Each structure stands twice: as structure tokens, then as C-alpha cells.
Amino acid sequence: MTEVYLDDTRLDFEDRGRSSTIGELIDAVEKDLTSHRRFVMELWVDGERLSGWRGSEVMKKPLSVHRGFVLKTASMEEVALEGLDLAQEYLRVTGDNIRLCISDLRTGNTRADASFSSVFDGLVEVVRTIDALVKGGEKYNMDLFNVNPASYFGPIVNFLEDMKEARESGDHVALADLMEYELSPFVGEMEEKLFHFNA
């Protein structure tokens, strides 16, 4: 028989038809947790902590093939604070990587491709993280940002396209100029204006 724990409490749970999936369990639990402004932060299956389980094939697996589940929860406030710290860190690191990439491009350093990739991927991660925070904030009625971050998404997409175009054309001077005179100040403005508190 499969046992399910929510934090330290055993749930009175029975998989009658032995056809319920992990995703259905998570959905049912989170539906009950919404009014308490909590959600499932960690999933442990048969004593092993799973990572990257949301949106994965794990959610489609039947409960009946496992001995036990532990669902560890966190408050939306805790998660939001962690997410904001993460977004600020992504922006800070991306700003550092932009400066490094500019230097590599201007001096013809062989690591320019790697530093370009770190800037490109960093910007994508910034948008993904901030977008998730915006959606969570709206769902739980939390004011997480000083200004609406969505106004920054369009310009970031344009920067990504312009950077890709300049890189593919092999114009390192144009790429370095774009990053130094437009992208770097833009990322600095985001850091300064988005967050209620700067770390």
C-alpha cells in the first residue's frame, strides 16, 4: 500500500482504482494548499528526492508502483523571496558576463564565443525566472516588483535577436558596441528599477 506524507503528516489517502498518477496527487494536494498560500516545493519518492519533476514524465507515472511519497511544502512568500534573490543574482551575473564578453570581443580573445553564450543564456534565464515570479505573484496577489517587468521582455527579445544577427555576421565590433552602449545600461536599469530591495 502506498503511503503519502504531507510534510510530517500522513495523509488519509487511498488509490482505489490503482490508476491515479503522481500529477493527480500533486494537483489535488496543491488545490487544498492554495487557501493556505502554500504549494509543494519538494517531491520525495521511495526515499529519494526528485529534481525537475514538474512538467516531466514523472507526473504521468502511476502512484501504485511506489511505496511512499513525501510532499514538502513551502509558503508562497518564502518561494517568492528565493525567486527574487535568484532573479537579482541572474541579472548581476549577466551584467558581469556582458562586461567580460565586451572585453573578449574587443581584444579578439578566443573565449568570446563562450562568454557570448553565457550572456545569451543568462538573458533567457532572467526572462524565464521573472516571468514565473510575475505569474506566481498575480495568482497569490503579491506585489513583487517596483515596476511591471513585462515592459522589459520585448526589449530583451530584440537584444537577443540583434546580438544573434551581429554574431552570425561576424561583426565583433558591432556586437561589442551593442552590448556596451545599449545592453549593459539596460541590464543595469533593470537591476536598479525592478526590485523593492537591492541585494
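Quick summary incoming for the structure in this document. Note that this is a predicted model, so its numbers are computed, not measured. (Residues numbered from 1 in each chain as written. Predicted model: local features only at pLDDT ≥ 70, side-chain atom pairs only at ≥ 80, totals over all residues. Heavy atoms only, no water.)

With respect to the sheet that holds strand β2 (residues 9–10)
Then, number 1: In space, the 5 strands of this open sheet follow the order β2-β1-β5-β3-β4, with mixed pairing throughout. On the outer flanks of this sheet lie β2 and β4 (48–50), each paired with one strand and no other.
Then, number 2: Examined bridge by bridge, strand β1 (residues 3–6) and β2 share 2 bridges and lie antiparallel to one another. When the sheet's bridge partners are listed, Tyr5 is paired in β2 with Arg10.
Then, number 3: With respect to the sheet, helix α1 (residues 22–33) is in contact with β1, β3 (38–45) and β5 (68–75), its orientation differing from that of β3 by roughly 150°. (Pairing = 2+ DSSP bridges. Helix = DSSP H or I, 4+ residues; strand = E, 2+ residues; numbered from the N terminus. Contact = heavy atoms within 4.5 Å. Axes fitted to C-alpha atoms, helices over the stretch in contact; angles between N-to-C directions.)

Here we look at the pattern of salt bridges
Then, number 1: Scanning the model with the defined rule gives 14 salt bridges in all.
Then, number 2: In this structure, the salt-bridge partner of Glu42 is Arg49, at a minimum N-O distance of 3.6 Å.
Then, number 3: Between Asp104 and Arg111 there is a salt bridge whose closest N-O contact spans 3.0 Å.
Then, number 4: Counted as one network, the salt bridges with shared partners bring together Arg106, Asp177 and Glu180. (Salt bridge = Lys/Arg side-chain N within 4 Å of Asp/Glu carboxyl O.)

Regarding helix α5 (residues 172–194)
Then, number 1: With 23 residues, α5 extends 30 Å between its outermost C-alpha atoms, agreeing within 8% with the 33 Å of an ideal straight helix rising 1.5 Å per residue.
Then, number 2: By the largest-angle criterion, Leu183 marks the main kink of α5, which is about 35°, and a proline, Pro185, follows within four residues.
Then, number 3: When we look at burial in α5, the residues that qualify are Leu175, Ala176, Leu178, Met179, Leu183, Ser184, Phe186, Val187, Met190 and Leu194.
Then, number 4: The elements touched by buried residues of α5 are α2 (76–107), α3 (112–139) and α4 (150–169). (Expected span 1.5 Å × (residues − 1). Bend = angle between axes of the 7 residues up to and from the residue. Buried < 20%, exposed > 50% of the residue type's maximum accessible area, 1.4 Å probe, protein only.)

Remarks on the nonpolar core
Then, number 1: Ile130, Phe145, Met163, Met179, Leu183 and Met190 are the most contacted members of the largest nonpolar core, which totals 41 residues.
Then, number 2: Put simply, the parts of the chain that give this core at least two residues each are α2, α3, α4 and α5.
Then, number 3: Here this core gets 10 residues from one element, more than from any other, and that element is α2.
Then, number 4: Contact partners of Leu183, with chain neighbours within four places excluded, come to Ile98, Val119, Leu123, Phe159, Met163 and Leu178.
Then, number 5: The next biggest cluster of nonpolar side chains, apart from the first, holds 16 residues, and it includes Ile22, Leu25, Met59 and Leu71. (Core = buried A, V, L, I, M, F, W, Y, C linked by side-chain atoms within 4.5 Å.)

Quick notes on α4
Then, number 1: In a regular helix each residue adds 1.5 Å, so 20 residues correspond to 28 Å; α4 covers 30 Å between its end C-alpha atoms and thus fits that length.
Then, number 2: All of the buried residues along α4 are Tyr152, Phe153, Ile156, Phe159, Leu160, Met163 and Ala166. The buried residues of α4 occupy one face: seen down the axis, they fall within an arc of 155°. Across α4 from its buried face, at more than 90 degrees, point the exposed residues Ser151, Glu165, Glu168 and Ser169.
Then, number 3: Buried-residue contacts for α4 involve α3 and α5.
Then, number 4: One or two positions beyond α4, positive phi appears at Gly170, with a value near 80°. (Arc of directions from axis to C-beta.)

Observations concerning the side chain of Glu30
Then, number 1: Within the fold, Glu30 resides in helix α1.
Then, number 2: A distance of 2.9 Å separates a polar side-chain atom of Glu30 from the backbone nitrogen of Val40.
Then, number 3: The contact partners of Glu30, leaving out residues within four places of it in the chain, are Phe39, Val40 and Arg54. (Polar contact = N/O pair within 3.5 Å; in protein donor to acceptor, adjacent residues only side chain to side chain.)

Concerning the pairing of β1
Looking along a regular strand, one sees side chains alternate from face to face of the sheet.
Then, number 1: Only one face of β1 is buried, namely the one carrying Val4 and Leu6, since none of Glu3 and Tyr5 on the opposite face is buried.
Then, number 2: Bridge count for β1 against β5 is 4 bridges, and the pairing is parallel. If you follow Val4 over to β5, its bridge partner there is Phe69.
Then, number 3: Counting the residues that bridge the hairpin from β1 to β2 gives 2 residues, and of these Asp7 lies at a positive phi of roughly 55°.

Looking at the packing of aromatic side chains
Then, number 1: Taken as a whole and assessed by the stated rule, the structure comprises 4 aromatic pairs.
Then, number 2: Consider the rings of Phe145 and Phe195, whose centres lie 5.9 Å apart with planes at 50°: the pair is tilted. Here Phe145, found in the loop between α3 and α4, pairs with Phe195, found in the segment after α5; they are 50 residues apart in sequence, far enough to count as distant.
Then, number 3: Classification of Phe195 as buried rests on a relative accessible area of 3%. (Phe/Tyr/Trp six-rings, centres within 6.5 Å; stacked < 30°, edge-to-face > 60°.)

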